[in-house]
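One-letter residues, chain by chain:
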Amino acid sequence: MKKRVALIAAGCIAAGSVLLSGCATEVKATVPNVIQVQNLEDEGTISMSTSEMVKVAPDMARIVYGIATEDTDAEKCQQANAEKLSGLLEYLKGQGVAETSIATTDFSLNPMYDWSGNKRRLTGYEMRTQVEVSDVALDQVGSLLSQGVAAGANEIQSISYYSSTYDEAYADALTRAVELAKTRAAVLAEASGQELGSVIGIEEYGDRQEGRYVTSNMSMKSAPGAGAAEEAVMDMGVMPGEMEVTASIRIEFDLLPAQ
């Protein structure tokens, strides 16, 4: 009679961390969340889901500035906003920021009303422009924040950090996830009285592209024309910390009879 063996394990077993040499990248291994071993009529497979996480230090940043102006006249409001925008762009280009790294991503002109009393009363206009600056070297961030405000911006809407070596780190995490799956699958195959065969299927999942960026919680806004904004960021430090790059796979192996 042909034997029938089934081994199913679920859960997560914590593994130790490994400190890589060179760039001191920290790697943490997550042992398979799902393990399935099936052997029906001498033909079996083993499926595993594994993840690896690599930490890297960001070396680039993306800054989103805001420019807000107010005036009782719509045309004057637009003109004031355009002047501030021109000043900011001139400053950025003077600091060596490439034009391809600067984008005006949003702008709006809206009326402002006084809602007191029984009816609304038009009091003026507010215009807002958003400027996104990408591919900023980390050592430039502090000065671009403070001097950018002095040049015309009165809002810092967000700062995001990322690594120029993200793709290499992700490939490293993928490789380690496969290696981890092979190691654990071999142990389970042996425990079930069989041998691990070749890979018959592999799937990558969970590649979150938004994981490329680590967004700071810092933001700053001031009333249009106020000078407090410049003082608020003049001595701002830049401490992005580390970012986590995670790769997850599902891999299926053949199971062979033990020799």
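Residues numbered from 1 in each chain as written. Predicted model: local features only at pLDDT ≥ 70, side-chain atom pairs only at ≥ 80, totals over all residues. Heavy atoms only, no water.

What to know about helix α1 (residues 74-94)
Over its 21 residues, α1 runs 30 Å from end to end, which matches the ideal 30 Å to within 8%, given 1.5 Å per residue. Within the sequence span of α1, burial applies to Cys77, Asn81, Leu85, Leu88, Tyr91 and Leu92. An end-on view of α1 places all buried positions within 125 degrees of arc, on one side of the element. Opposite its buried face, α1 presents the exposed residues Glu75, Lys76, Glu83, Glu90 and Gly94, each directed more than 90 degrees away. On its buried side, α1 packs onto β5 (60-71), β6 (102-114), β7 (121-137) and α2 (141-151). At the N-terminal boundary of α1, the capping side chain belongs to Asp73, with an oxygen 3.1 Å from the backbone nitrogen of Glu75. Downstream of α1 by one or two residues, Gly96 has phi in the positive range, about 90 degrees. (Helix = DSSP H or I, 4+ residues; strand = E, 2+ residues; numbered from the N terminus. Expected span 1.5 Å × (residues − 1). Buried < 20%, exposed > 50% of the residue type's maximum accessible area, 1.4 Å probe, protein only. Arc of directions from axis to C-beta. Contact = heavy atoms within 4.5 Å. Polar contact = N/O pair within 3.5 Å; in protein donor to acceptor, adjacent residues only side chain to side chain.)

Some points on the packing of α1 against α2
To characterise two packed helices, one gives the angle between the axes of the helices and the distance between these axes. Where α1 meets α2, the axes come as close as 8 Å, and the angle between the chain directions of the two elements is 145 degrees. As α1 runs across α2, the sense of the crossing is right-handed. Facing Lys84, Gly87, Leu88, Tyr91 and Leu92 of α1, the residues of α2 in contact are Ser143, Leu144, Gln147, Gly148 and Ala151. Among the residues forming the contact of α1 with α2, the class breakdown is 5 nonpolar, 4 polar and 1 charged. (Axes fitted to C-alpha atoms, helices over the stretch in contact; angles between N-to-C directions. Left-handed = near helix turned anticlockwise from the far one by under 90°. Nonpolar A, V, L, I, M, F, W, Y, C, P; charged D, E, K, R; others polar.)

Overview of the pattern of salt bridges
Throughout the structure, instances matching the rule amount to 5 salt bridges. The shortest N-O distance in the salt bridge between Glu99 and Lys93 comes to 3.7 Å. Classification of Lys93 by relative accessible area gives partly exposed; the value is 42%. One salt bridge in this structure joins Asp172 and Arg176, with 3.0 Å as the shortest N-O distance. Placement of the pair is Asp172 and Arg176 together in helix α3 (residues 166-191), with a separation of 4 residues, close to one helical turn. The partly exposed category is assigned to Arg176, whose relative accessible area is 23%. (Salt bridge = Lys/Arg side-chain N within 4 Å of Asp/Glu carboxyl O.)

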